[in-house]
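# A look at the structure
Residue strings, one per chain:
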Amino acid sequence: MANPASAAALLMLLALASTSSAQLSTGFYSSSCPGVYTTVKSVVQAAIAKEKRMGASIVRLFFHDCFVQGCDASLLLDDTASFQGEKMATPNNGSVRGFEVIDAIKSAVEKVCPGVVSCADILTIAARDSVVTLGGPNWDVKVGRRDSTTASFSGANNNIPPPTSGLANLTSLFAAQGLSQKDMVALSGAHTIGLSRCTNFRAHIYNETNIDGAFARTRQSGCPSTSGALQWWSH
């Protein structure tokens, strides 16, 4: 049976994908690149075998991309002298990771069918394969996305929910993407895979009262009150 975190990740990915899936289909590459799925899967599996955390990082990369301009790979665009991308925006700078895995997948796919598969579809498939590799359920990915040639630095700063958001702000930011509170809860569940710096949740487990006491004490055992550490909670 799939673990709850992976199941929640599935719900989140399906919710995000549905916001831009009007013209998509599962058979989009049936003739032009039938080997795309096995190619993506092999690279994802190798990356997670090398570093298990990478699966969570790819799911997070997909989420941060989809919350700005839709699931269009705009987050993958690098800054240039005349172009400002999204990588250096506050929610992404120094925390979003997995770009090298997506680059490796793109290189592998280009060898199989050059100039056919978009980076946006590669990222979407890789997110699904990350959930599956981590023990979650499988599902058919609808594809046919086109890569963006634009990015939104301001959108990344304003649209991606910060970890300090309360219920009202989270609900508003998700609603702006056409997502419900149920989708929001699924995303919160997906945050239970991977690693997080305890600085992101230290105040909650030490200073706030709206948290289960036993759960707070468990988290405190791996998160000092003043400094330190990574803990298995969140991405």
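Bear in mind that the values here come from a model prediction, so they are computed numbers and not experimental data.

Reading the values: rules and limits
Residues numbered from 1 in each chain as written. Predicted model: local features only at pLDDT ≥ 70, side-chain atom pairs only at ≥ 80, totals over all residues. Heavy atoms only, no water. Disulfide = S-S within 2.5 Å. Helix = DSSP H or I, 4+ residues; strand = E, 2+ residues; numbered from the N terminus. Buried < 20%, exposed > 50% of the residue type's maximum accessible area, 1.4 Å probe, protein only. Expected span 1.5 Å × (residues − 1). UniProt positions renumbered as here; feature names shortened; annotations may be inferred. Contact = heavy atoms within 4.5 Å. pLDDT = per-residue confidence, 0-100. Salt bridge = Lys/Arg side-chain N within 4 Å of Asp/Glu carboxyl O.

What follows covers the state of the cysteines. Applying the stated criterion across every chain, the model contains two disulfides. The residue that forms a disulfide with Cys33 is Cys113, at a sulfur-sulfur distance of 1.8 Å. Torsion about the S-S bond of the Cys33 and Cys113 cystine: about -45°, corresponding to left-handed handedness. Pair noted here: Cys33 is in the loop between α1 (4–18) and α2 (36–50) and Cys113 is in the loop between α4 (99–112) and α5 (119–133), with a separation of 80 residues, a long-range link. Here Cys33 and Cys113 have matching classes, each one buried. Take the cysteines of the chain that form disulfides and number them in order along the sequence; they join up as 1-4, 2-3.

Along an α-helix, a turn takes 3.6 residues, which lines up residues three or four apart on a common side. Between its terminal C-alpha atoms α5 stretches 20 Å, which fits the 21 Å expected from 15 residues at 1.5 Å a residue. Most of α5 is tucked away, with 13 of its 15 residues classed as buried. One or two positions beyond α5, positive phi appears at Gly135, with a value near 105°.

UniProt tags His64 as "active site" (unreviewed entry). With respect to the element layout, His64 can be found in helix α3 (residues 53–66). Take His64: its relative accessible area is 4%, and that puts it in the buried class. Residues in contact with His64, not counting those within four places in the same chain, are Leu75, Pro91, Asn92, Val96 and Ile160.

Turning our eyes to something else, we now look at the environment of Phe215. For Phe215, the location among the structural elements is in helix α10 (residues 213–220). Since its relative accessible area comes to 32%, Phe215 is described here as partly exposed.

What follows concerns the confidence of the model for the chain. Here the chain shows a mean pLDDT of 86. Residues at 70 or above account for 85%. Of the regions scoring below 50 in pLDDT, residues 1–7 engages in 15 contacts with residues more than four places distant in sequence or in other chains. Confidence over residues 230–235 falls short of pLDDT 50; this stretch has 37 contacts with residues more than four positions distant or in other chains.

So, on to the pattern of salt bridges. In total, this model carries five salt bridges according to the counting rule given. For the salt bridge of Lys106 with Glu110, the shortest nitrogen-to-oxygen distance reads 3.1 Å. Pair noted here: Lys106 and Glu110 are both in helix α4, with a separation of four residues, about one helical turn. For Lys106, a relative accessible area of 22% puts it in the partly exposed group.

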